[in-house]
Amino acid sequence: MIGKIVVSGFSLLLVVGVIIGVIAAVKKNDGSVANMDITPHMKAVQQLCEPTTYKEVCTKTLGDINSTDPKHLIQGGILAISNSLTKAFNLSNDLIVKVKEGDKRTKTSLNDCKTLLSDAKEELHDILEKVSNATLKDLTLQSDEFRIWLSSIISYNELCVDGFEDSNQLKATVSDSTQKANELTDNILEMLGGMSKILSSFGLELNLPMPNSRKLLVEAKTGYPTWLSTADRKLLALKEPNMPKPNAVVAKDGSGQYKTITAAINAYPANLQGRYVIYVKAGIYNEDVKVPKKMPNIFMYGDGPRATVITGKKSFTSGINTFNSAPFGVDSDGFICRSMGFENTAGPDGHQAVALRVNSDMSVFYNCRMDGYQDTLLYQAKRQFYRNCVISGTIDFMFGYGAAIIQNSEIIVRKPNPNQFCTLTADGRKEKGQNTGLVIHNCRILPEEKLVPTRLITKTYLGRPWKQYSTTVVMESEMGDLIQPEGWKAWIGTQYLDTLFYAEYANTGPGSNTAGRIKWKTVHFLDRQGAQPFTTGTFLPQSGQWIAAAGVPFLSGFK
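Note that the coordinates shown come from a computational prediction; the quantities given were computed from them, not determined experimentally. (Residues numbered from 1 in each chain as written. Predicted model: local features only at pLDDT ≥ 70, side-chain atom pairs only at ≥ 80, totals over all residues. Heavy atoms only, no water.)

**A look at the packing of helix α2 (residues 40–49) against helix α3 (residues 55–63)**
As a reminder of what qualifies: Comment: axis = line fitted to C-alpha atoms, over the contacting stretch for helices; angle = value between 0 and 180 degrees taken between N-to-C directions. Under the DSSP-based scheme used, a helix requires at least four consecutive residues in state H or I and a strand at least two consecutive residues in state E, with every element numbered from the N terminus. Crossing handedness: left-handed means the near helix sits turned counterclockwise from the far one by under a right angle, and right-handed means the same turn made clockwise. Pairs of residues are marked as contacts when any of their non-hydrogen atoms sit within 4.5 Å. Gly is put with the polar residues, along with every residue not named as nonpolar or charged; the nonpolar set is Ala, Val, Leu, Ile, Met, Phe, Trp, Tyr, Cys and Pro, and the charged set is Asp, Glu, Lys and Arg.
Two numbers describe how α2 lies on α3: the axes approach to 10 Å, and their chain directions differ by 145°. Judged by the sense of rotation from one axis to the other, the crossing of α2 with α3 is right-handed. Here α2 contributes H41, M42, V45, L48 and C49 to the contact with α3, which in turn contributes K55, C58, T59, L62 and G63. The class makeup of the residues in the contact of α2 with α3 is 6 nonpolar, 3 polar and 1 charged.

**Notes on the state of the cysteines**
Our working rule: Cysteine sulfur atoms are paired as a disulfide whenever they fall within 2.5 Å. Buried means the residue's accessible area, taken with a 1.4 Å probe over protein chains only, is under 20% of the maximum for its type, while exposed means over 50%, and partly exposed covers the values in between.
Across all of its chains, the model carries 2 disulfides by this definition. Between the sulfur of C49 and that of C58 lies a disulfide, 2.0 Å long from S to S. On the S-S bond that ties C49 to C58, the torsion sits near -85°, and the link is left-handed. C58 carries the same exposure label as C49, and that label is buried. Covalently, C113 is tied to C160 through a disulfide, its sulfur atoms 2.0 Å apart. Taking the sign of the S-S torsion, about 95° here, the bridge from C113 to C160 comes out right-handed. With C113 in helix α5 (residues 104–132) and C160 in helix α7 (residues 143–162), this pair connects stretches of sequence that are 47 residues apart. On the accessibility criterion, C160 (1% relative accessible area) is buried. With its bonded cysteines labelled in order along the sequence, the chain shows the pairing 1-2, 3-4. Free cysteine: C443, not disulfide-bonded; nearest cysteine sulfur from C389 at 9.2 Å. Overall, C443 belongs to the buried group, its relative accessible area being 2%.

**Here we look at the confidence of the model for the chain**
The line we're drawing: Every residue carries a pLDDT, the predictor's confidence in it, which falls somewhere between 0 and 100.
Chain-level statistics for the chain give a pLDDT mean of 88 and a share of 86% at 70 or above. The model gives residues 1–27 a pLDDT under 50, and that stretch makes 51 contacts with residues more than four places away or in other chains. Of the regions scoring below 50 in pLDDT, residues 210–227 engages in 63 contacts with residues more than four places distant in sequence or in other chains.

**Looking at the nonpolar core**
The nonpolar side chains of soluble globular proteins are, as a tendency, buried together. Stated formally: By nonpolar core is meant a set of buried Ala, Val, Leu, Ile, Met, Phe, Trp, Tyr and Cys residues that side-chain atoms within 4.5 Å join together.
Ranked by size, the top nonpolar core spans 90 residues in total, and within it L62, I81 and F385 carry the most contacts. The element contributing the most residues to this core is α7, with 10 residues. Setting aside residues up to four positions removed in sequence, I81 forms contacts with L124, L150, I153, A181, L184, T185 and I188. Grouped together as the second largest cluster of nonpolar side chains are 57 residues, F342, Y386, M398 and W520 included.

**Concerning the layout of surface pockets**
Inclusion rule: The method works on a 1 Å grid over the protein atoms by themselves. A cavity is a set of points holding a 1.4 Å probe that cannot get out, a pocket is an open set with protein on both sides within 12 Å along at least five of seven lines, and residues with an atom within 4 Å of a point line them. Grid points are joined across faces, edges and corners, and a volume is the space filled by probe spheres set on the points.
Considered as a void within the structure, the largest pocket measures approximately 630 Å³ in volume. Lining of the largest pocket is provided by 32 residues; of these, D162, E165, K171, W466 and K467 occupy positions nearest its centre. Counting residues per element, the ones that place at least two in the lining of the largest pocket are α5, α7, α8 (168–193) and β16 (395–400). The greatest single-element share of the lining of the largest pocket, amounting to 4 residues, is contributed by α7. Considered class by class, the residues forming the lining of the largest pocket number 13 nonpolar, 9 polar and 10 charged.

**Observations concerning α7**
Our working rule: Any helix carries an expected span of 1.5 Å times its number of residues minus one.
Across its 20 residues, α7 extends 28 Å between first and last C-alpha, which sits within 8% of the 28 Å expected from 1.5 Å per residue. Extensive coverage of α7 is indicated by the burial of 20 of its 20 residues.

**Focus on the environment of K60**
Structurally, K60 can be placed in helix α3. The exposure class assigned to K60 is exposed, which follows from its relative accessible area of 56%. For K60 and V45, which are 15 residues apart along the polypeptide, the C-alpha to C-alpha distance reads 9.3 Å.

**Things to note about the sheet that holds strand β18 (residues 410–413)**
Inclusion rule: One bridge is not enough; two strands pair if DSSP finds at least two bridges between them.
Here 8 strands make up an open sheet; going across it, the order is β3-β6-β9-β12-β15-β18-β21-β24 and the pairing parallel. Each of the sheet's edge strands pairs with one partner strand only, and the pair in question is β3 (283–286) and β24 (478–479).

**Here we look at the sheet that holds strand β2 (residues 276–280)**
One open sheet accounts for 11 strands, arranged β1-β2-β5-β8-β11-β14-β17-β20-β23-β25-β26; its pairing is parallel. Only two strands of the sheet have a single partner each, and these edge strands are β1 (248–250) and β26 (523–525). For this sheet, the mean inter-axis angle between neighbouring strands, taken without regard to orientation, is 10°.

**Notes on the environment of L128**
Along the chain, L128 turns up in helix α5. Residue class for L128 comes out buried when judged on its relative accessible area of 18%. As for L128 and I74, which are separated by 54 residues in sequence, their C-alpha atoms are 9.4 Å apart.

**Considerations on the packing of aromatic side chains**
Working definition: an aromatic ring pair is given by the centre-to-centre distance plus the angle between the planes. We apply this condition: Only Phe, Tyr and Trp rings take part, Trp by its six-membered ring, and two of them pair if their centres are within 6.5 Å. Stacked means planes under 30 degrees apart, edge-to-face means over 60, and tilted covers everything else.
Overall, the coordinates contain 17 aromatic pairs when judged by the stated rule. Centre to centre, the rings of F385 and F554 are 5.9 Å apart; their planes meet at 80°, and the pair counts as edge-to-face. Of this pair, F385 sits in strand β14 (residues 383–387) while F554 sits in the segment after α14 (543–549), and the two are 169 residues apart along the sequence. Residue F385 is classed as buried on the basis of its relative accessible area, which comes to 0%. Aromatic side chains W488 and Y502 sit 4.1 Å apart centroid to centroid with 15° between the ring planes, which places their arrangement in the stacked category.

**Structural notes on unusual backbone geometry**
With the exception of glycine, most residues fall at negative phi, and the peptide bonds are largely trans. A positive phi angle, close to 55°, is found at N271, a residue other than glycine. Overall, the relative accessible area of 73% leaves N271 in the exposed class.

**Re the pattern of salt bridges**
Heads up, the condition is: The salt bridge criterion pairs a side-chain nitrogen of Lys or Arg with a carboxyl oxygen of Asp or Glu, the two atoms within 4 Å.
The final tally for this structure, using the stated rule, is 21 salt bridges. K382 is paired through a salt bridge with E123; the nearest N and O atoms lie 2.9 Å apart. Here E123 lies in helix α5 and K382 lies in the loop between β13 (377–379) and β14, a separation of 259 residues in the sequence. The two residues K382 and E123 agree in class, both being buried. Between R455 and D481 there is a salt bridge; the shortest N-O distance is 2.9 Å. Of the two residues, R455 is situated in the loop between β21 (444–447) and β22 (460–463) and D481 in the loop between β24 and β25 (501–505); the sequence distance between them amounts to 26 residues. For D481, a relative accessible area of 31% puts it in the partly exposed group. One connected set of salt bridges, linked through shared partners, spans E123, D126, K293, D333 and K382.

This is how it looks when you write it as structure tokens:
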């Protein structure tokens, strides 16, 4: 077709140079560049910064990079994020020295920040390598995946800041140090989200397949997403007695190779090809388990979510920050878990007490159970899928910064302390350009037996906005009468009410009546077309591949 050109990164650079000409730069008051006499370099900067929220930051950052190649400019923008993270890390390091002797909480928070910011820099290095190996066409076709990965940088920053619950002044200081990195990251996120339009503004198009965003890849016969390998699908499709032969067997009674889950994880072989399978026999495992990033593609299964249970009782009131309170934390990508339970027994007096923390891209939990009170499940970052699970708690008990879907599961509201309310969700999407949030699909929302007598007195809400762009969708789910008519609750006053996104679609049950819902312009009642972007096949990039490869049944669209 006339006007459409298929180009590589280098040929694009040549064409752009011809198109944009040689002229002088003019900056407007908002930091953007006026569309008049400007240099080729500043013309390229203008085009890339056009969709961004922090235009002045964008223009200054890219303006210092001597290139007109969009890919080189994006790489330079990512390097600027890394430099900003280094400054925030150094600040945390400097502040530790100034902490008063005996202020264990603050010292812990600053050490957590050092860990998280170091993890963010490592993650960013991996992303930069992927960008370097990608063509502009790759960046455009895989923009949603790159945005998921980059969004994790913001999650690290926010977890760092959120650790300072006892010191507002220190929290503000650390927040100021990480906000620059957030703004730089959000700018790249919005560039990637608008790549097709940006290239079109140069008069160039890449002949991309339509639609090119979050394309659904699902096998018609199985309904599985294609990102899971055939072997992984078989793993999850197996009946309980027919689980695969494990590489490691864990048993408290000594009948396995290892008595602890941690020992089995530490036996992860070097240069592994395929999956490392761990079978955890029935038992209560009181462990502090971490699955490190360097050990990807673990498949772990137990004898059932009430038989094989990882337990702990670390909590905020016991002196442990939320980030480190979970007895089980996953940082490795491609983690699959089946038929296991995770619990935090700190109780309602423990306040923040996580049962399961997940920082694993393309992770799947099937037939699992997460029990706690406040902050039960932390979906920390990246793409996560939960199917046929039970999740229980009281306050914000499904919270995080990633992109997660909970499907065909039971969500159980527990009895809180007197005078407490219950909120199912608290999503932490911080910046506009992130493609993260939480979707609850085809689930049942009901009270535990102890709450039944007072379920109409104890107020229960679908969620409250933890961060500025908090995004939560509940669809095709059954809601018990415990859900308040207002549906949603503000965090503090009117904070974030103009920027959050809350939505409901085709729910049933007495709690689903939307007539009395709170009157915020950011609460939406979707039709089928409006709900489509939040189905598994669309909301989780490339889910057609990785969920199906895990062998888990799932709804790629509506039920």
